[in-house]
Amino acid sequence: MYHVETKTRASKIAFYGGIVALIIAVAVPFFAGRATLQDMFFILTMLVLAQWWNLLAGFGGLVSVGQQAFVGMGAYAMFGMVILLGWDPVPSILIAGLAALILSIPTAFFAFRLQGAYFAIGTWVIAEVTRLSVAQWKQLGGGTGTSLSRSATKNIWGVEWIKDLLDVKTSAARDILAYWLALILAVLTIGFIYWLLRSRRGLGLSALRDNFTAAKSLGVDAGAIKWFVFLISAFGTGLAGGLIYMQKARISPDAAFSVLDWTAYVIFIVVIGGIGTIEGPIIGVIVFFLLQNMLADYGSWYLLILGVIGIAIMLFAPKGLWGLFSQKTGIQIFPVQRRLVHKNQNSEDKNNG
Amino acid sequence: MIWIDSLIQGILLGGLYALFAAGLSLVFGIMRLVNLAHGDLIVFSAYITLAFVSLLGLHPFLAAFVAAPMMFGIGWLLQRLVLNRVLGPDILPPLLVTFGLSIVLQNALLETWSADSRRLSVGTLETSSLSLGPITVGVLPVMTFITAILVIVVLNQISFKTELGRAFRATSDDPVTAQLMGIRPNSIFATAMGLAMVIAVIAALYLGIRANFDPSIGPTRLIYAFEAVIIGGLGSLWGTLLGGIIIGVAQTIGATINPEWQILAGHIAFLVVISIKPRGLMPRAFD
């Protein structure tokens, strides 16, 4: 008896390892200081952005250089809900995701009209249009931006509870809340993308990437899958945008729609770690964080080196660091490949696993 | 009157955008490469020209003559050593490599030249103007526009009248068959990129005389150039000029209504055109 399986021995071990890591991650605020939490928040939110971009480019073949549109749109929607309607920032993050989702519909409409690589330019133009339009929004500070007022950030949902639980000041409690939310978002993002890639739709997506014509002739609806992936990525990116700016509490169009912060860094993270794998962005964000800390004092040299590393990886190891490791060892933590396995040999998957 | 004035200024500005875009259009036409570093390569050319101006005391136009062969060499090497390795059916690697190159160039320029804005000075030519009946136009914008037309004419002549041009078109249509006929696509691609960099020097010259530049302006100029290429129709150089004019006119008209709308108006014109004609106004390449 044969059956189709995606699990590997490494993925089963990693599943339990992941649960342990998650428990430790949840407990970090109990023993770590604020600086560590802020670093972890940065890593987690960049990881979320990287996972969504990777789903688009690495699995969907949709190279967007306009993801800053969704970060900025999400961030501004969150600020709008808090400042104009008096909502609490936490539920406003959901609106951030929805706003980005809504923006992604016209973006997809325009960008999908452009062939091949020009898709990238389409997304970039929309991001610019959004940035320039938001800069006209005078109630939210126009081109110079605005801040969340003290009263809005003081009583965020959950902050009182965290203060009592951990016996910390309000500002520290806010960082802890942001960290936990980022952790939830990162886990849900990775979980969702892993589930998606193992589902029927994900199979269609990989099939389209590997052989477009063959996949279409077997009945994969290329248009519908592209739309779905683009919209869901925008939603996730918007959620991250809202969360990042809840923690920053200060916004301006140039920062919220920064192509460098929200797209260039994200692309480098994915490329360095390994494009087209779920593990890649995880490795990439750690390498990125370490590089940033090491080279923080060198200003523009840092970006120069990052760019050179990115180019070198694309030239000599296009599957990134994780790809190199995975090729050598055959280990996959998030396997999405389907393999035919004989019933009695489910542990002999060294070559494919 | 102000509208006719904006219209004419816009058309002339379109000439500058067509110069930014001509190199992109050439490279895309021949090797289907979307070069995200093209804007930064133009800015880089402007700094090279500036270096010759300040080191050798040359007039900017002469300095551009010196810079052009140098940039041809740089373009040739860039294609030979880097870009040829990533060209292929997968669009991802060339996009990501040129994106990386864009970041590298911006920061290398920032490191060598600082963030101060610079300018190529040509004395009174910058401010002199011609009066055409009731309208006054600057000499420099007119020169830019004429240069754009000349560049397109020369490129079309190369493309349709010379052996090199035949090789360009053959490689563009079918690299494998071209190879069977004794053409080496890799070396054709390198020559095309060298040529695109010569055009980049011309674009840089007018960019640097017209306005201040600093290491960070490449991407915004690039976006106008891409818009011109796309709405003009891929592969058509006259289409690129038309696209540049549409973006230029939309920007000056937008600016006449409200100065804050200048850039936005250009982008919106682009979106309107692609929603009506997704293949652009004068498409030539079908693939």
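Residues numbered from 1 in each chain as written. Chains lettered and ligands numbered in written order. Predicted model: local features only at pLDDT ≥ 70, side-chain atom pairs only at ≥ 80, totals over all residues.

1. Notes on the overall build of chain B
Part 1: Across its full length, chain B carries eleven helices and two strands.
Part 2: Going from N to C terminus, chain B has its helices and strands arranged as α-α-α-α-β-β-α-α-α-α-α-α-α.
Part 3: For a compact globule of 287 residues, the expected C-alpha radius of gyration is about 19 Å, and chain B comes in at 19 Å, within 12% of that figure.
Part 4: By its C-alpha atoms, chain B is 60 × 50 × 35 Å across when sized along the principal axes.
Part 5: Looking at the 287 residues of chain B, the share that counts as buried comes to 52%. (Helix = DSSP H or I, 4+ residues; strand = E, 2+ residues; numbered from the N terminus. Rg over C-alpha atoms; globule rule 2.2 N^0.38 Å. Buried ≥ 20, exposed ≤ 12 C-beta atoms within 10 Å, placed from the backbone.)

2. Looking at the overall build of chain A
Part 1: Scanning chain A for helices and strands turns up 16 helices and four strands.
Part 2: Against the globule reference of 20 Å for 353 residues, chain A gives a C-alpha radius of gyration of 21 Å, in line with a compact fold.
Part 3: Viewed in the frame of its principal axes, chain A has a C-alpha envelope of about 65 × 50 × 40 Å.
Part 4: For chain A, buried positions account for 45% of its 353 residues.

3. Side note on the nonpolar core
Part 1: Formed by 204 residues in total, the largest nonpolar core has its most connected members in Met78(A), Leu19(B), Ala192(B) and Val201(B).
Part 2: Setting aside residues no more than four positions away along its own chain, Val201(B) makes contact with Ser45(B), Thr49(B), Ala64(B), Ala67(B), Ala68(B) and Met71(B). (Core = buried A, V, L, I, M, F, W, Y, C linked by C-beta atoms within 7 Å. Contact = placed C-beta atoms within 7 Å.)

4. Digging into the interface of chain B and chain A
Part 1: Contacts between the two partners involve 32 residues from chain B and, on the opposite side, 32 residues from chain A.
Part 2: Secondary-structure elements contributing two or more residues to the side of chain B that touches chain A are helix H3 (60–86), helix H4 (92–113), helix H9 (218–232) and helix H11 (262–276) of chain B.
Part 3: Tallying contributions element by element places H4(B) first for the side of chain B that touches chain A, with 14 residues.
Part 4: Of the residues contributing to the side of chain B that touches chain A, the split by class is 24 nonpolar, four polar and four charged. (Nonpolar A, V, L, I, M, F, W, Y, C, P; charged D, E, K, R; others polar.)

5. Here's the deal with helix H2 (residues 38–56) of chain B
Residue and element names in this part refer to chain B.
Part 1: In a regular helix each residue adds 1.5 Å, so 19 residues correspond to 27 Å; H2 covers 27 Å between its end C-alpha atoms and thus fits that length.
Part 2: For H2, a buried count of 14 out of 19 residues is recorded, marking the element as mostly surrounded by other parts of the structure.
Part 3: Backbone geometry just downstream of H2 places Gly-57 in the positive-phi region, at approximately 65°. (Expected span 1.5 Å × (residues − 1).)

6. Concerning the confidence of the model for chain A
Residues and elements named next belong to chain A.
Part 1: Residue-level pLDDT values for chain A average 90, and 97% of them are 70 or greater.
Part 2: Ranking the helices and strands of chain A by mean pLDDT puts helix H4 (residues 89–111) first, with 96, and helix H6 (residues 150–154) last, with 77.
Part 3: Counted against residues more than four places away or in other chains, residues 346–353, with its pLDDT under 50, gives twelve contacts. (pLDDT = per-residue confidence, 0-100.)

7. Quick word on unusual backbone geometry
Trans is the prevailing form of peptide bonds, just as negative phi is the prevailing case for residues other than glycine.
Residues and elements named next belong to chain A.
Part 1: Of note, the phi angle at Asp-167 is positive, near 55°, even though the residue is not glycine.
Part 2: Along the chain, Asp-167 falls in the loop between helix H7 (159–166) and helix H8 (170–198).
Part 3: With 9 C-beta atoms counted inside 10 Å, the residue Asp-167 sits in the exposed group.
Part 4: Residue Ala-249 is not a glycine yet carries a positive backbone phi of 60°.
Part 5: Locating Ala-249 in the fold gives a position in the loop between helix H11 (222–248) and strand S3 (250–251).

8. Let's talk about the packing of H7(A) against H8(A)
Residues and elements named next belong to chain A.
Part 1: It is the contact of H7 with H8, at a shortest axis distance of 9 Å, that shows an interaxial angle of 105°. By the angle between their axes, H7 is roughly perpendicular relative to H8. On H8, the residues touching Val-159, Ile-162, Lys-163 and Leu-166 of H7 are Thr-170, Ala-173, Arg-174, Ile-176 and Leu-177.
Part 2: Among the residues forming the contact of H7 with H8, the class breakdown is six nonpolar, one polar and two charged. (Axes fitted to C-alpha atoms, helices over the stretch in contact; angles between N-to-C directions. Parallel < 35°, antiparallel > 145°, perpendicular 65-115°, else oblique.)

9. Some thoughts on the packing of helix H13 (residues 259–273) of chain A against helix H14 (residues 279–294) of chain A
Residue and element names in this part refer to chain A.
Part 1: With their axes 7 Å apart at the nearest point, H13 and H14 run at an angle of 115° to one another. On the basis of their axis angle, the class for H13 and H14 is roughly perpendicular. At the point where H13 passes H14, the crossing takes the right-handed sense. Across the interface between the two elements, Tyr-265, Phe-268, Ile-269, Val-270, Ile-272 and Gly-273 from H13 touch Gly-280, Pro-281, Ile-282, Ile-283, Gly-284, Val-285, Val-287 and Phe-288 from H14.
Part 2: Residues of the contact of H13 with H14, tallied by class, amount to eleven nonpolar, three polar and no charged. (Left-handed = near helix turned anticlockwise from the far one by under 90°.)

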